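Chain residues, written in single-letter form:
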Amino acid sequence: MKKTWNRSLGQSASTPDQGMRWLPTTCALCRVWGDSVLCPACRQDHARIVPRCPGCAHPLAPGLTRCSRCAQDGPGALAACLARVAYAWPWDDIVARFKFHAQPAWARELARLMLDDPQIATALAAADGLIPIPLAPSRLRERGFNQAAELARQLGRRLRRPVRPHALLRRETLRTQHELDRAERQAHARLAFAVAAQERPHIAGRHWVLVDDVMTTGATLQAAAQRLREAGAASVGAVVFARTPAPSAQHWLAEPM
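Residues numbered from 1 in each chain as written. Predicted model: local features only at pLDDT ≥ 70, side-chain atom pairs only at ≥ 80, totals over all residues. Heavy atoms only, no water.

## Observations concerning the pattern of salt bridges
Then comes step 1: By the definition in use, this model includes 7 salt bridges.
Then comes step 2: R43 serves as the salt-bridge partner of E109, at 3.5 Å between the closest nitrogen and oxygen. Separated by 66 residues along the polypeptide, E109 in helix α4 (residues 106-116) and R43 in helix α1 (residues 40-46) bring together distant segments of the chain.
Then comes step 3: Overall, the relative accessible area of 0% leaves E109 in the buried class.
Then comes step 4: Among the salt bridges present, the one from E109 reaches R112, with a minimum N-O distance of 3.1 Å. You can see E109 and its partner R112 sitting in helix α4, 3 residues apart, about one turn around the helix.
Then comes step 5: Residue R112 is classed as partly exposed on the basis of its relative accessible area of 32%. (Salt bridge = Lys/Arg side-chain N within 4 Å of Asp/Glu carboxyl O. Helix = DSSP H or I, 4+ residues; strand = E, 2+ residues; numbered from the N terminus. Buried < 20%, exposed > 50% of the residue type's maximum accessible area, 1.4 Å probe, protein only.)

Spelled out as structure tokens, the structure:
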């Protein structure tokens, strides 16, 4: 079997589906030698599964099921949104390597971490398929790959769920989401997406899960979900690798179980 060497992660990159072990490498965080880019100890220390609000994916205090804002506002176009980790060290650094430093092979390890969470694994397994959040054409040309599509492919491959990377189209915009406040993000996102005409027959009547690397305010996911619902999707959920921390403690207020 032919192998190639993945310089970005220091691992064998051939056929991830054929059960091959990675060549010896060091953990990207603690530098201990092993056969994984993230060692078990670092996964335990930095990727513990915590209860999160199914509406906004912020952490919840024990015994609570939903934050007060989501209980008041309702789910919107998204049936649920799940996140694996907080967008804080070391994951903000790793996501930056993944998407800004030409290291798409990180998708494999991040997908493995996501599927460690039973909620995420169950939601993905129950879906009819996965749809990654697209990049604008200029951003895709600049980066060379769509990190959400790479994550979706890895997740879909492991769960044998179809992935439709071209279901959503993203228009060019003059400003990026991180430059905008919450209200501006929502207005901006509503204009950003459309469902590809040839994809509409595949979308209608089915249950889909959107996939992205990072969720900030949720405006992008809500806007994309709304377009899919308008195209006839029976339901739309979302899973992301990382969720930016809540700006205040208000998200810890929730309805009792």
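Picking up after the structure, the text goes on.
## Quick word on the nonpolar core
Then comes step 1: Counting residues in hydrophobic clusters, the biggest one holds 35 residues, and the most contacted among them are L38, L151 and F241.
Then comes step 2: Counting residues per element, the ones that place at least two in this core are β6 (81-86), α3 (91-100), α4, α5 (118-126), α7 (147-159), β10 (207-215) and β11 (235-243).
Then comes step 3: The contact partners of F241, leaving out residues within four places of it in the chain, are A83, R84, V85, W91, V95, L110, L113, M114, L151, D212 and D213. (Core = buried A, V, L, I, M, F, W, Y, C linked by side-chain atoms within 4.5 Å. Contact = heavy atoms within 4.5 Å.)

## Concerning the packing of aromatic side chains
Then comes step 1: Under the defined criterion, the tally for this structure stands at 2 aromatic pairs.
Then comes step 2: Judged by centre distance (5.5 Å) and plane angle (80 degrees), the ring pair of W91 and F241 falls under edge-to-face. Taken together, the residues W91 in helix α3 and F241 in strand β11 connect sequence positions 150 residues apart.
Then comes step 3: Its relative accessible area of 2% is what places W91 among the buried residues.
Then comes step 4: Here F241 falls in the buried class, since its relative accessible area comes to 0%.
Then comes step 5: For the pair F98 and F145, a centre-to-centre distance of 6.1 Å together with 40 degrees between the ring planes defines the contact as tilted. Note that F98 is positioned in helix α3 and F145 in the loop between α6 (137-143) and α7, a separation of 47 residues in sequence. (Phe/Tyr/Trp six-rings, centres within 6.5 Å; stacked < 30°, edge-to-face > 60°.)

## Brief notes about α7
Then comes step 1: With 13 residues, α7 should reach 18 Å at 1.5 Å per residue; the first-to-last C-alpha distance of 19 Å fits that figure.
Then comes step 2: With a side-chain oxygen lying 3.0 Å from the backbone nitrogen of A148, the N-terminal cap of α7 falls on N146.
Then comes step 3: Once α7 finishes, R160 follows within two positions and takes phi at roughly 55 degrees, a positive value. (Expected span 1.5 Å × (residues − 1). Polar contact = N/O pair within 3.5 Å; in protein donor to acceptor, adjacent residues only side chain to side chain.)

## Describing the sheet that holds β6
Then comes step 1: Spatially, 4 strands are ordered β6-β11-β10-β7 in an open sheet, and the strand pairing comes out parallel. Whereas interior strands pair on both sides, the edge strands pair on one side only; in this sheet they are β6 and β7 (129-132). Neighbouring strand axes in the sheet, compared pairwise and without regard to direction, differ in orientation by 20 degrees on average.
Then comes step 2: Of the strand pairs in this sheet, β7 and β10 are connected by 4 bridges, and their pairing is parallel. Each bridged residue has a counterpart across the sheet, and for L130 the counterpart in β10 is V209.
Then comes step 3: Along the sheet, α3 makes contact with β6, β10 and β11, crossing β10 at roughly 105 degrees. (Pairing = 2+ DSSP bridges. Axes fitted to C-alpha atoms, helices over the stretch in contact; angles between N-to-C directions.)

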